[in-house]
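# A closer look at the structure
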Amino acid sequence: MTDTTFNREALENVLTRRFFVAPSFEIYGGTAGLFDFGPPGTALLANFTEVWRKHFVLEEDMLEIDSTILTPFEVLKTSGHADRFCDWMCKDTVTGDIFRADHLVENVLSARVEADARARGAAVAAAATEAPKAPAKKTKQKVELAATKLDDAVRTEYEETLAKIDNYGGAELGELIRTHDIRTPEGNVVTDPVEFNLMFDTNVGPTGDVKGFLRPETAQGQFVNFAKLLDYNNNRMPFASASIGKSFRNEISPRNGLLRVREFLMAEIEHYVDPEDKSHPGYEAHKDVVLNLLPAATQLSGSTAITQMPMGEAVEKGIIDNQTLGYFLARVHLFLTKIGIRPELLRFRQHMANEMAHYACDCWDAELKSSYGWVECVGCADRSAYDLTRHSERTGRKLCVRQALPEPRVVDKWTVVVNKKKFGPAFKKAAKALETQIAALAEPEILAIKAGLESAAKAAPIVSTDDGNTYSLTADVITVERITVKEHVREYVPNVIEPSFGIGRILHSLLEHVFYTRPEDAARGVLRFPPTMAPIKCLLVPLSNNAAFVPLVTEIRKKLRQRGLASRVDDSASSIGKRYARNDELGTPFAITVDFQSVEDRTVTLRERDSTAQIRAPLNTVLDIVASLAEEAVTWDEIAAEYPAVKVAEN
């Protein structure tokens, strides 16, 4: 983080002590990569999803669905996850400890650059490298080196390697490990990187015959339901679906709290758009949103310098591929800053060629800077038509849009012509279903059949029918011909723009961004949540345990509930100041204090967390103010300008 006063240990102490989050099954020793959220953490999660839904789903009229976590093998085989959803891992040849290869290289080279900076007596240089700092608590990933000066050329080479670390595959990582003598924190040699599939597999049903996985993302549940979603939307394009739910990844080395876990909450949007028209109606209203961009070209030059640029300018210059992708980058920026992310600690990093899927047109990650360095939290990708096409090819079901043309058009197209005399006798009862399936084939599948017929084998690829049977087609029963037809309807497979949110990572970064300590009380932390994100909106503080305060406190809490506002009563024997401080730790933005004057005239004081300023007003007025502040309909500055401040001793 750029804030050198940030104390990660103090924040972790607050999160543990106030039960925001804790390791799962801790009394049994815990399991790496699994965490439980306590009451304030669960409320924070709920507030996140509520703000997310309002900002995206309601604002965009998205179609939200909830699909199953258990996913059949065939679905994830078709999507490519069964074969390619992998990270590169290497093993300590002495202890057997497992490391993710790119992280090991990154940690070691970062440590060497930081050690060089210390040797040169230039702490600023270490910050400029933007290398992640080692965790405060000792882990097997931690690399500590004594101050050692590097040759300028070596330092430059390390910095350029770090800038391109996401662009390396297994072979390149292995070469880096050997060239730079990358070792474990214990100084041991590691094996060459090997691929490790990150999905949890399972068997469905008592016989174990049906293989499945715990889903690694929610997206596939949306893609396979595309036809139903399009029908529900009255066949109107473009449109978007959305889903929030648990996903699972069997991380090689889960670490750094919520940043790398094995079970996590995701929120994903699939925006379906015409591949010939990727404009967006919201583009004009958002084109002036200034983004912190780290383009692929900058990274490949060995630099991590950020370019500040209006989204519209980046689209016009071709840095961002299209209007719809640019629009969602701007919307993601606005959402993250709305929930409390510091804009100067947010950047959008473009994927380099080696890390981008072969089918993707463009991909950007919204990365947030924390004490662990820059962390990918939201992926924004133009996935082209890959997913819908693959599922359509595998199942034979059309996942496409039919658009009536204003004027008919004449086009040349490939088609499969069936030899009726031989087709029926060859396939008997299956002939009708097979012919229907052939008629539904897309052009890429037809061209694959053509290539098969022209090959030495003289046989087309196997075609599957709805009943699960497969058939091999030969040149005596079908031919592939180029024909000219007049089209009144255009048929196309939509492209998909996908923003994908890792909620745990965002919340971890948010907690770091909003945490601070007051100069006069460094022992007490404050979480500066925006009111919409705060787990508890209002603290109720009776001046003492006097029975005269009970009816009024009970009435206030009831009225806050009626307004949908979470509240908490602190009637302990501690001083008012200590009670305020305890709840500042929870991020509670407002506090209503009930004293003897309140009993007499039904006026109360209202305290704001960050300024600690207070006003006094009639109870019902204060309740309306709290409701407006919690909804962020007004700001505290506006309230303070309208009502005179009062001074209340907090000791």
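In this report, we go over the structure that sits alongside the text. (Residues numbered from 1 in each chain as written. Predicted model: local features only at pLDDT ≥ 70, side-chain atom pairs only at ≥ 80, totals over all residues. Heavy atoms only, no water.)

## Details of the overall build of the chain
- Along the backbone of the chain there are 24 helices and 29 strands.
- Projected onto the principal axes, the alpha-carbon positions of the chain cover approximately 100 × 60 × 55 Å.
- Here the contacts in the chain between residues at least 6 apart in sequence split such that 70% fall between residues at least 24 apart.
- When the accessible surface of the chain is split by element, carbon and sulfur atoms take 52% of a total near 30400 Å².
- Taken as two groups, the 78 positive and 92 negative side-chain charges of the chain have centres that lie 3 Å from each other. (Helix = DSSP H or I, 4+ residues; strand = E, 2+ residues; numbered from the N terminus. Contact = heavy atoms within 4.5 Å. Areas by Shrake-Rupley, 256 points an atom, 1.4 Å probe, with all protein chains shown as cover. Lys, Arg positive; Asp, Glu negative; His and termini not counted. Charge placed at Lys NZ, Arg CZ, Asp CG, Glu CD.)

## Concerning the side chain of Asn188
- With respect to the helices and strands, Asn188 occurs in the loop between helix H8 (170–179) and strand E7 (194–197).
- With a relative accessible area of 15%, Asn188 lands in the buried category.
- Of note is the side chain of Asn188, whose polar atom sits 3.1 Å from the side chain of Asp92. (Buried < 20%, exposed > 50% of the residue type's maximum accessible area, 1.4 Å probe, protein only. Polar contact = N/O pair within 3.5 Å; in protein donor to acceptor, adjacent residues only side chain to side chain.)

## Focus on the sheet that holds E7
- Spatially, 3 strands are ordered E6-E5-E7 in an open sheet, and the strand pairing comes out antiparallel. Each edge of the sheet is formed by a strand with only one pairing partner; in this case those strands are strand E6 (98–100) and E7. Strand-to-strand twist of the sheet, defined as the mean angle between neighbouring strand axes without regard to direction, takes the value 50°.
- Inspection of the sheet shows strand E5 (residues 86–91) paired to E7 by 4 bridges, in the antiparallel sense. Residue pairing for E7: Asp87 is matched across the bridge by Phe196. (Pairing = 2+ DSSP bridges. Axes fitted to C-alpha atoms, helices over the stretch in contact; angles between N-to-C directions.)

## Notes on the pairing of strand E22 (residues 515–518)
- Pairing of E22 with strand E23 (residues 521–527), which is carried by 4 bridges, proceeds in the antiparallel orientation. Bridging across to E23, Phe515 finds its partner in Leu527.
- Between E22 and E23, which pair antiparallel one after the other, the connecting turn spans 2 residues.

## Some points on the environment of Ser253
- Mapping Ser253 onto the fold places it in the loop between strand E10 (239–248) and strand E11 (263–273).
- For Ser253, a relative accessible area of 6% gives the class buried.
- Remark: the alpha-carbon pair of Ser253 and Thr605, spanning 352 residues in sequence, is separated by 50 Å.

## Here we look at the packing of helix H5 (residues 101–119) against helix H7 (residues 152–163)
- Closest axis-to-axis distance for the H5/H7 pair is 10 Å, and the angle between their directions is 140°. Judged by the angle between their axes, H5 and H7 are oblique. Two packed elements cross with a definite hand, and for H5 against H7 that hand is left-handed. For the pair H5 and H7, the contacting residues are Glu106, Leu109, Ser110, Arg112, Val113, Asp116 and Ala117 in the first and Arg155, Tyr158, Glu159, Thr161 and Leu162 in the second.
- The residue makeup of the contact of H5 with H7, split by class, is 5 nonpolar, 2 polar and 5 charged. (Parallel < 35°, antiparallel > 145°, perpendicular 65-115°, else oblique. Left-handed = near helix turned anticlockwise from the far one by under 90°. Nonpolar A, V, L, I, M, F, W, Y, C, P; charged D, E, K, R; others polar.)

## Notes on the layout of surface pockets
- The space that makes up the second largest pocket amounts to roughly 1300 Å³.
- As for the second largest pocket, its lining consists of 45 residues, of which Leu441, Ala442, Glu443, Pro444 and Glu491 are closest to the centre.
- Elements represented by at least two residues in the lining of the second largest pocket include exactly helix H15 (386–395), strand E17 (401–418), helix H17 (431–439), helix H18 (443–454), strand E18 (463–464) and strand E20 (478–492).
- The biggest single contributor to the lining of the second largest pocket is E17, with 9 residues. (1 Å grid on protein atoms, 1.4 Å probe; cavity = no way out; pocket = protein on both sides within 12 Å on 5 of 7 lines; lining within 4 Å. Points joined across faces, edges and corners; volume = space filled by probe spheres on them.)

## So, the nonpolar core
- Residues Trp52, Leu336, Phe501 and Phe529 are the most contacted members of the largest nonpolar core, which totals 64 residues.
- Tallying contributions element by element places helix H14 (residues 323–338) first for this core, with 8 residues.
- Setting aside residues no more than four positions away along its own chain, Trp52 makes contact with Val57, Ala242, Ile244, Ala267, Glu268, Ile269, Phe335 and Phe501.
- Judged by nonpolar contacts, the second largest core, of 25 residues, contains Leu552, Val553, Ile592 and Leu623. (Core = buried A, V, L, I, M, F, W, Y, C linked by side-chain atoms within 4.5 Å.)

## Focus on the pattern of salt bridges
- Evaluation of the coordinates by the stated rule reveals 46 salt bridges.
- With a closest N to O distance of 2.9 Å, Arg120 and Asp152 form a salt bridge. With Arg120 in the loop between H5 and helix H6 (123–128) and Asp152 in helix H7, this residue pair connects regions lying 32 residues apart in the sequence.
- One salt bridge connects Glu217 with Arg383, and the closest N-O pair in it is separated by 4.0 Å. One end of the pair, Glu217, is in the loop between strand E9 (210–214) and helix H9 (219–223); the other, Arg383, is in the loop between strand E16 (373–382) and H15, with 166 residues separating them in the sequence. The exposure classification of Glu217 matches that of Arg383, with both residues buried. (Salt bridge = Lys/Arg side-chain N within 4 Å of Asp/Glu carboxyl O.)

## Describing a nonpolar patch on the surface
- Taken together, the side chains of Phe25, Ile27 and Tyr28 make up a nonpolar region of the molecular surface, amounting to roughly 490 Å² of accessible area.
- Examined against the element boundaries, Ile27 turns out to sit in the loop between strand E1 (21–23) and strand E2 (35–37). (Patch = residues over 30% accessible without salt bridge, like charges linked within 9 Å, V, L, I, M, F, W, Y side chains within 5 Å.)

## With respect to helix H2 (residues 39–60)
- Taking 1.5 Å of rise per residue, 22 residues should cover 32 Å, and H2 covers 31 Å from first to last C-alpha, within 8% of that figure.
- Bending of H2 peaks at approximately 35° at the position of Arg53.
- Two residues or fewer after H2 comes Asp61, characterised by a positive phi angle close to 55°. (Expected span 1.5 Å × (residues − 1). Bend = angle between axes of the 7 residues up to and from the residue.)

## A look at the packing of helix H20 (residues 550–562) against helix H23 (residues 619–630)
- Packing of H20 against H23 brings their axes to within 11 Å, and their N-to-C directions diverge by 35°. Relative to H23, the crossing made by H20 is right-handed. In contact with Leu552, Glu555, Ile556, Lys559 and Leu560 of H20, H23 contributes Leu619, Asn620, Leu623 and Val626.
- Looking at the contact of H20 with H23 residue by residue, the class counts come to 6 nonpolar, 1 polar and 2 charged.

## With respect to the sheet that holds E9
- With respect to topology, 3 strands assemble into an open sheet ordered E4-E9-E8, the strand pairing being antiparallel. Because the sheet does not close on itself, it has two edges, and the strands there are strand E4 (70–72) and strand E8 (200–204). Averaged over all adjacent pairs, the angle separating strand axes in this sheet is 45°, with direction ignored.
- Relative to E9, E4 runs antiparallel, the two sharing 3 bridges.

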